[in-house]
Every structure is written in structure tokens, then in C-alpha cells.
Amino acid sequence: MHISDGVLSVQVATTLGVVSIGMCAYSLKKIKNEDISLCAAMSALFFIASFIHIPLGPTQIHLILVGIIGAFLGSMSFLPISIALILQATLLGYGGLTSLGANIIVMALPAYLTYIILKLGILKRFSQKIKFFMIGFLGVFFATILLALVLLFAKSEYAIASYAVIAANIPAMILEGIITLFLLMYIKKSMPSLLKEYNI
């Protein structure tokens, strides 16, 4: 889901870059000393999860786990995801520096949106297993929609590509939901107080 350099126009890249800086500043303002270790762990989780690539026909899908990051961090999600994206862009060449703002929005905003859905209690009507699955599913769903919208508004010739992105990531949504389900079920068994602390 990383957008490479040269894909976006200067206007779109600049606008999204400014917005992403505002999001990171908001996240930094919300972080307390006791949250730093969890933010660091989630940043590492995102960084490592992106290495897991699964072949799917002519393309590949990879984990991002932004749903679970949002569930634990809420509005603090922007900063740890941004740090991981900066490291990926500078050390590994994933995405690009000019498109960094767009990548931050595409990856971090879905984490916050998933948190909002949890906070509003929209998932309370479902069983706990379905709720855990939806946390992972929604993270990738929102990221896919945002990526498609960014491509659609960046250049008119990306219209077909934006629709293809949605179709290609449907398996990723399901896979991420299943993996998030198992992760949260493990946490429930090993550290149940952690889920209660964060109202998951």
C-alpha cells in the first residue's frame, strides 16, 4: 500500500504532507510518558508486519495491523506509524520521501478511524470473536479506500488503478481480520487485563 515517489502531483503530495504533520503534532500532544513503551512496541509491530508479503496472482499483499494499533493507541496512532514509515522509506526504500505524507494518512488515519468505531460502541452488538476480526478488517478496509481516493484525486489516469487497488486488497482485509482475531484472542488468554484497560 506504499505510494512511491513520482506517483502523486506536487500539489497533492504537499497538501497531504502538511496534513500529516498536523496529525503527528496532534498525536505527540496526546502521548504521555506511560504510553511511550506501547507506542514504540506498536511502531515496531507495524514495521515488522509490513515485511510479511503474500503472493496473490500478479501482485502481493502484506500485513499492516493498523486496526490493532488503533484499538490500543487511538489518537496516538499517528506518531508511531509515522516513525515506522519514515524508517521504511529511508532505510528500505518502501514508498518514498515525497509521498511520505500521503502514506502516513493512508496508514495512520485508518487506525484512528477504527478506534473511533470501537469508542462509539458500534461493534458491541457483535460477538467478541467477530469484533476482534472486524478490528483487523476495518483497518485494511479504511486504508484501501483512502489509498484509492488519493490515487483517484492525484491524477485522472489513476482511476482504473484505484478501483484495482480495492479489488486486490479484499483478500488482505479478510486475512488481516483473521490474524488480528488470533492476536487479540492470545492477548485475552495471556493478558486479559490489557484488553480491559483499553476497552477492547
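Above this text you will find the structure in question.
Bear in mind that the values here come from a model prediction, so they are computed numbers and not experimental data. (Residues numbered from 1 in each chain as written. Predicted model: local features only at pLDDT ≥ 70, side-chain atom pairs only at ≥ 80, totals over all residues. Heavy atoms only, no water.)

A. Structural view of the overall build of the protein chain. Within the protein chain, the regular secondary structure consists of 9 helices and 2 strands. The order of helices and strands in the protein chain, counted from the N terminus, is α-α-β-β-α-α-α-α-α-α-α. Taken against the 2.2 N^0.38 rule, which gives 16 Å for 200 residues, the C-alpha radius of gyration of the protein chain at 16 Å falls within 12% of a compact globule. Judged by the C-alpha coordinates and their principal axes, the protein chain covers about 50 × 40 × 30 Å. Of all 200 residues assigned to the protein chain, the portion counted as buried reaches 50%. For the protein chain, the share of sequence-separated contacts (at least 6 apart) that also reach a separation of at least 24 residues comes to 77%. (Helix = DSSP H or I, 4+ residues; strand = E, 2+ residues; numbered from the N terminus. Rg over C-alpha atoms; globule rule 2.2 N^0.38 Å. Buried < 20%, exposed > 50% of the residue type's maximum accessible area, 1.4 Å probe, protein only. Contact = heavy atoms within 4.5 Å.)

B. Here's a closer look at the nonpolar core. In terms of nonpolar packing, the biggest core is built from 64 residues, with L8, F46, F72, I81 and L184 touching the most fellow members. Mapped onto this core, the elements with two or more residues apiece are α1 (10–30), α2 (36–49), α3 (66–73), α4 (78–92), α5 (100–119), α6 (128–154) and α8 (170–190). Not counting the four nearest positions on each side in its chain, F46 is found in contact with I64, V66, I69, I81, A84, L85, Q88 and M107. (Core = buried A, V, L, I, M, F, W, Y, C linked by side-chain atoms within 4.5 Å.)

C. Local environment of unusual backbone geometry. Phi at L65 is positive, roughly 55°, even though this residue is not glycine. Locating L65 in the fold gives a position in the loop between β2 (59–62) and α3. Judged by its relative accessible area of 4%, L65 is buried. In the Ramachandran plot, N199 falls in the positive-phi region, its phi being about 55° despite a non-glycine side chain. Along the chain, N199 falls in the segment after α9 (192–197).

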